[in-house]
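Each chain, letter by letter, is given below.
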Number of protein chains: 2
Amino acid sequence: VSQLAIGVDIGGTNMRAALVDPDGAVVSHARRRVELGGSAARCAAEIVELAQIVAADVGLTAIGGIGVGIPGWTNRLSGELVLAPKFSRLNSRELCDGLREKLPCPVYFDSDPHMATLGELWVGAGRNADNFVMITLGTGIGCGIVIGGQLYTGHHGFAPEFGHMIVGEASEIPCACGVPGCLESLASGPAIGHAGQQAAREGRGQLLVEWSGGNAEAISAETVVACARNGDPTALVILQRAGRLIGAACANVVSLLEPERVVVGGGLSDLGELLLGPIRETMQRQSYLIAQGYACPELVKAQLGDRAGVVGAARLAYNHMD
Amino acid sequence: VSQLAIGVDIGGTNMRAALVDPDGAVVSHARRRVELGGSAARCAAEIVELAQIVAADVGLTAIGGIGVGIPGWTNRLSGELVLAPKFSRLNSRELCDGLREKLPCPVYFDSDPHMATLGELWVGAGRNADNFVMITLGTGIGCGIVIGGQLYTGHHGFAPEFGHMIVGEASEIPCACGVPGCLESLASGPAIGHAGQQAAREGRGQLLVEWSGGNAEAISAETVVACARNGDPTALVILQRAGRLIGAACANVVSLLEPERVVVGGGLSDLGELLLGPIRETMQRQSYLIAQGYACPELVKAQLGDRAGVVGAARLAYNHMD
């Protein structure tokens with residue numbers, strides 16, 4: 001290809017864009033806060049601005065395609081964008097049309113965890129793997145499945161929904177999706193924050209209580225993580241429980257798919273072994289194939305950090321440009 | 001192809017063979033009881049005898065290949081046969097070599113649930129589906145996954161192990177695999193029989209108590225099924241609970257793979273809506289994608305009955321003969 005691709009990632013908090021070369025290297029990068037209440041026209045305008053910023057040195061005419069990771073899905077059968085419930089105020093058709101009008105090159109859309117997985121497959125922890133599962137741990141719990149070196153996204157393109165698997169423990173807070181007991185309601189960032197708040201309210205966890213300054217509501221997942229890193233045993237137990245539940249879901253994934261590798265990304269993966277340890281331990285203990293010694297997929301940390309989404313979105317564009 | 005294929009299915013109870021024409025029709029069929037304690041040489045000799053019986057009209061020289069469904073797996077990477085723990089007395093290399101020596105045509109092996117899935121894909125309930133999941137309910141709980149019109153069997157060929165997923169309820173009897181809480185230990189044929197025995201011992205379920213004739217140990221899954229069909233409420237509750245647990249595992253599969261279709265086969269599927277009803281109801285209620293109205297994979301009964309395995313095994317042979 002003689003032209004370059006831009007990847008855009010509309011996350012829950014930030015919107016990012018990157019100019020990515022054909023080898024997967026990020027040439028330039030920009031980001032801004034997402035305005036969740038904004039209109040589709042405003043969102044499209046912001047994406048165009050970011051694209052112009054990252055393409056400043058080469059000009060938009062050098063861009064052959066733009067991939068956009070969205071908080072939702074592309075319906076593989078109808079081509080429609082379907083936004084996740086909390087983004088439903090954003091009209092997906094307007095967003096789609098707005099972008100296609102304002103940009104001089106083709107625009108391709110897909111789900112943000114799919115994009116992160118494509119990024120790790122291309123130049124990250126999934127390189128050279130014929131099949132692997134990627135899990136992104138953050139505000140939500142996302143997932144991508146690679147089979148035969150390709151993204152697998154289900155009949156309509158809505159799979160996988162790793163965060164909505166049920167692994168048995170009762171939920172303390174209802175999942176946003178309405179189904180009780182989803183993994184996301186037990187082990188996502190907000191669920192960890194919620195567990196920290198509850199501990200502080202009950203006077204458990206000295207650091208949690210101190211750091212909340214008498215206001216348990218102020219405790220977030222970040223607070224729990226910081227307290228755990230400073231040795232608060234209650235905060236550590238909260239993270240271990242989240243890890244154990246994520247590990248139970250991973251064991252189910254290993255039973256079903258026997259992947260070559262499980263890649264863990266997303267903001268919470270920065271905790272490293274503090275979280276990956278309990279995930280790996282539970283995955284190995286609860287998986288029949290691993291317990292019997294038949295298979296032992298490695299569990300590794302993602303390599304592209306918060307750039308996986310933009311790199312993968314650029315790869316999506318290159319896939320269409322090739 | 002000018003030559004024909006034979007499919008063989010070594011199940012937990014019966015060994016079957018069939019001569020199958022290139023359109024998937026069974027031309028002739030034979031079966032006998034499996035001798036679990038027998039040697040590999042004896043098992044190989046029995047398979048050869050069955051093959052000779054079903055090929056009697058055309059002669060073994062007309063056979064271009066024989067597919068054998070085994071209670072275990074073929075390691076995709078090493079080519080080795082790995083037999084399931086309860087068949088481990090049977091030496092897989094001897095079985096393999098014995099058959100290849102005694103038969104005048106190539107022999108191909110794969111896991112029996114994979115074969116049943118291939119059969120349903122070819123001429124059964126999976127026909128024309130680009131992706132579907134098949135579950136076989138019987139002594140064990142087996143599974144096959146079709147993606148892009150092909151069997152997906154994992155990195156080594158050991159997936160899927162649907163029966164070893166953990167959906168949360170505590171197990172009353174330990175799973176044969178050693179991991180506590182596997183679906184198979186809660187909802188397989190033996191687990192249903194065990195629940196029936198326990199009910200009879202505690203004097204619950206009038207028909208169960210009567211039919212056991214004072215010997216609760218005599219109650220099997222078949223007894224529970226017969227009592228349920230005759231309206232015993234305790235037996236019905238046992239089957240509903242099994243269906244609910246299987247449905248919870250199906251919901252996880254829908255979350256992960258969003259298949260076009262879920263096909264339910266195996267001996268227990270003959271119960272029809274008595275079991276499929278609770279499975280479908282739980283699958284729909286616990287699946288985020290279905291609850292939100294994004295996707296609704298149909299749950300249907302397999303079409304080939306106890307011949308799915310031999311038909312699929314013949315398909316495996318045809319795949320190599322083409």
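Below or above, wherever it landed, is the structure these notes cover. Please read all numbers here as calculations on a predicted model, not as lab measurements.

Description of the packing of aromatic side chains
Here a ring pair, both rings aromatic, is described through the centre-centre distance and the interplanar angle of the planes.
Thinking step 1. Applying the stated rule across the entire model yields twelve aromatic pairs over all chains.
Thinking step 2. Here A:Tyr288 and B:Trp73 contribute two aromatic rings whose centre-to-centre distance is 6.4 Å and whose plane-to-plane angle is 50°, an arrangement assigned as tilted. Placement of the pair is A:Tyr288 in helix H10 (residues 288-291) and B:Trp73 in strand E5 (residues 72-74), with the two residues belonging to separate chains. Side by side, A:Tyr288 and B:Trp73 carry an identical accessibility label, which is buried.
Thinking step 3. Taken together, a centroid distance of 5.9 Å and an interplanar angle of 65° make the contact between B:Trp122 and B:Tyr318 edge-to-face.

With respect to the relation of the copies chain B and chain A
Thinking step 1. Aligned on chain A, chain B shows an RMSD of 0.0 Å; the corresponding rotation is 180° and the shift along the axis is 0.0 Å. What the rotation and shift describe, once combined, is the action of a two-fold rotation axis. For chain B, the minimum C-alpha distance to the rotation axis belongs to B:Gly168 and amounts to 1.8 Å.
Thinking step 2. Interface overlap between copies: 100% of the residues of chain B at the interface are likewise at the interface in chain A, consistent with a symmetric, same-surface contact.

Points about the pairing of strand E1 (residues 4-10) of chain A
All names here are of chain A.
Thinking step 1. Counting buried positions along E1 gives seven out of seven residues, so the element sits mostly inside the fold.
Thinking step 2. Across the two faces of E1 the burial is the same, with Leu 4, Ile 6, Val 8 and Ile 10 and Ala 5, Gly 7 and Asp 9 all buried.
Thinking step 3. Bridging between E1 and strand E4 (residues 63-70) involves six bridges; their strand directions are parallel. Within the sheet, the bridge partner assigned to Gly 7 lies in E4 and is Gly 67.
Thinking step 4. Bridge count between E1 and strand E2 (residues 14-20): six bridges; the pairing is antiparallel. Looking at E2, one finds that Ile 6 is bridged to Leu 19.
Thinking step 5. Where E1 hands over to E2, the hairpin turn is made up of three residues, counted between the paired strands.

Brief notes about the nonpolar core
Thinking step 1. One finds A:Phe162 and B:Phe162 to be the most contacted residues of the largest nonpolar core, which totals 100 residues.
Thinking step 2. If we ignore the near neighbours within four places in the chain, the residues touching A:Phe162 are A:Ile135, A:Ile141, A:Gly142, A:Cys143, A:Leu183, A:Ile246, A:Ala249, A:Cys250, A:Val253 and B:Leu256.

Section: the sheet that holds strand E11 (residues 261-265) of chain A
Residue and element names in this part refer to chain A.
Thinking step 1. Sheet architecture is open: five strands sit in the order E10-E9-E8-E11-E12, paired in mixed fashion. The open sheet has two free edges, formed respectively by strand E10 (150-152) and strand E12 (298-301), since each of these has just one partner strand. Along the sheet, successive strands turn relative to each other by an average axial angle of 25°, direction set aside.
Thinking step 2. Sheet analysis places strand E8 (residues 132-137) next to strand E9 (residues 141-147), joined by six bridges and oriented antiparallel. Pairing of Val 133 across the sheet is with Ile 145, part of E9.
Thinking step 3. Most of the contacts of helix H8 (residues 233-257) go to E8, to which it runs at about 160°, and overall it touches E8, E9 and E11.

Considering the interface of chain B and chain A
Thinking step 1. Listed by partner, the interface residues are 44 residues for chain B and 44 residues for chain A.
Thinking step 2. In total, about 3800 Å² of surface goes out of reach between chain B and chain A, with carbon and sulfur atoms giving 63% of it.
Thinking step 3. Looking at the side of chain B facing chain A, the largest losses of area belong to B:Leu256, B:Tyr288 and B:Tyr294, adding up to 20% of the total buried there.
Thinking step 4. Taken together, the links from chain B to chain A amount to zero salt bridges.
Thinking step 5. Viewed at the interface, chain A and chain B are joined by 14 residue pairs in polar contact (both at pLDDT 80 or more).
Thinking step 6. Of all the secondary structure elements, the ones that give two or more residues to the side of chain B that touches chain A are strand E6 (81-83), strand E9 (141-147), helix H8 (233-257), helix H9 (273-286) and helix H10 (288-291) of chain B.
Thinking step 7. No other element matches the five residues that H8(B) contributes to the side of chain B that touches chain A.

Quick look at the sheet that holds E1(A)
Residues and elements named next belong to chain A.
Thinking step 1. Spatially, E3-E2-E1-E4-E7 is the arrangement adopted by the five strands of the open sheet, whose pairing is mixed. Of all the strands in the sheet, the pair left with one neighbour each is strand E3 (26-33) and strand E7 (107-111). The average undirected angle you get between the axes of adjacent strands in this sheet is 15°.
Thinking step 2. Sheet analysis places E4 next to E7, joined by five bridges and oriented parallel. Among the inter-strand pairings, Ile 66 is bridged to a residue of E7, identified as Val 107.
Thinking step 3. Each of E1, E2, E3, E4 and E7 is contacted by helix H11 (residues 308-321), which is oriented at about 135° to E1, the strand it contacts most.

With respect to the environment of B:Gly213
Thinking step 1. With respect to the helices, strands and loops of the structure, B:Gly213 is situated in the loop between helix H6 (206-212) and helix H7 (221-229).
Thinking step 2. According to the relative accessible area criterion, B:Gly213 is exposed, its value standing at 64%.

Thoughts on unusual backbone geometry
All names here are of chain A.
Thinking step 1. Of the consecutive residues Ala 159 and Pro 160, the connecting peptide bond is found in the cis state with omega at -10°.
Thinking step 2. Positive phi outside glycine occurs at Glu 258, with the angle close to 35°.
Thinking step 3. As for its position among the elements, Glu 258 is in the loop between H8 and E11.
Thinking step 4. Residue Glu 258 is classed as buried on the basis of its relative accessible area, which comes to 0%.

Regarding the packing of helix H5 (residues 189-201) of chain B against H8(B)
Residues and elements named next belong to chain B.
Thinking step 1. Two elements in contact, H5 and H8, have axes separated by 10 Å at closest approach and are oriented at 145°. Handedness of the crossing formed by H5 with H8: right-handed. Where H5 approaches H8, its residues Ile 192, Ala 195, Gly 196 and Ala 199 are matched on the opposing element by Thr 234, Ile 238, Leu 239 and Ala 242.
Thinking step 2. A per-class count over the contact of H5 with H8 returns six nonpolar, two polar and no charged.

Focus on helix H2 (residues 92-102) of chain B
Residue and element names in this part refer to chain B.
Thinking step 1. Considered for burial, the residues of H2 that qualify are Ser 92, Leu 95, Cys 96, Gly 98 and Leu 99. Each buried residue of H2 lies within a common arc of 165° when the element is viewed along its axis, so the set occupies one face. In H2, the exposed residues that point more than 90 degrees away from the buried face are Arg 93 and Glu 101.
Thinking step 2. Elements in contact with the buried residues of H2: strand E1 (4-10), helix H1 (40-54), strand E4 (63-70), E6 and strand E7 (107-111).
Thinking step 3. Measuring from the backbone nitrogen of Arg 93 back to the side-chain oxygen at the start of H2 gives 2.9 Å, which picks out Asn 91 as the cap.

Definitions and limits used
- Residues numbered from 1 in each chain as written.
- Chains lettered and ligands numbered in written order.
- Predicted model: local features only at pLDDT ≥ 70, side-chain atom pairs only at ≥ 80, totals over all residues.
- Heavy atoms only, no water.
- Phe/Tyr/Trp six-rings, centres within 6.5 Å; stacked < 30°, edge-to-face > 60°.
- Helix = DSSP H or I, 4+ residues; strand = E, 2+ residues; numbered from the N terminus.
- Buried < 20%, exposed > 50% of the residue type's maximum accessible area, 1.4 Å probe, protein only.
- Least-squares fit on C-alpha atoms with pLDDT ≥ 70 in both.
- Contact = heavy atoms within 4.5 Å.
- Pairing = 2+ DSSP bridges.
- Core = buried A, V, L, I, M, F, W, Y, C linked by side-chain atoms within 4.5 Å.
- Axes fitted to C-alpha atoms, helices over the stretch in contact; angles between N-to-C directions.
- Buried area = accessible area lost by both parts, 1.4 Å probe.
- Salt bridge = Lys/Arg side-chain N within 4 Å of Asp/Glu carboxyl O.
- Polar contact = N/O pair within 3.5 Å; in protein donor to acceptor, adjacent residues only side chain to side chain.
- Left-handed = near helix turned anticlockwise from the far one by under 90°.
- Nonpolar A, V, L, I, M, F, W, Y, C, P; charged D, E, K, R; others polar.
- Arc of directions from axis to C-beta.

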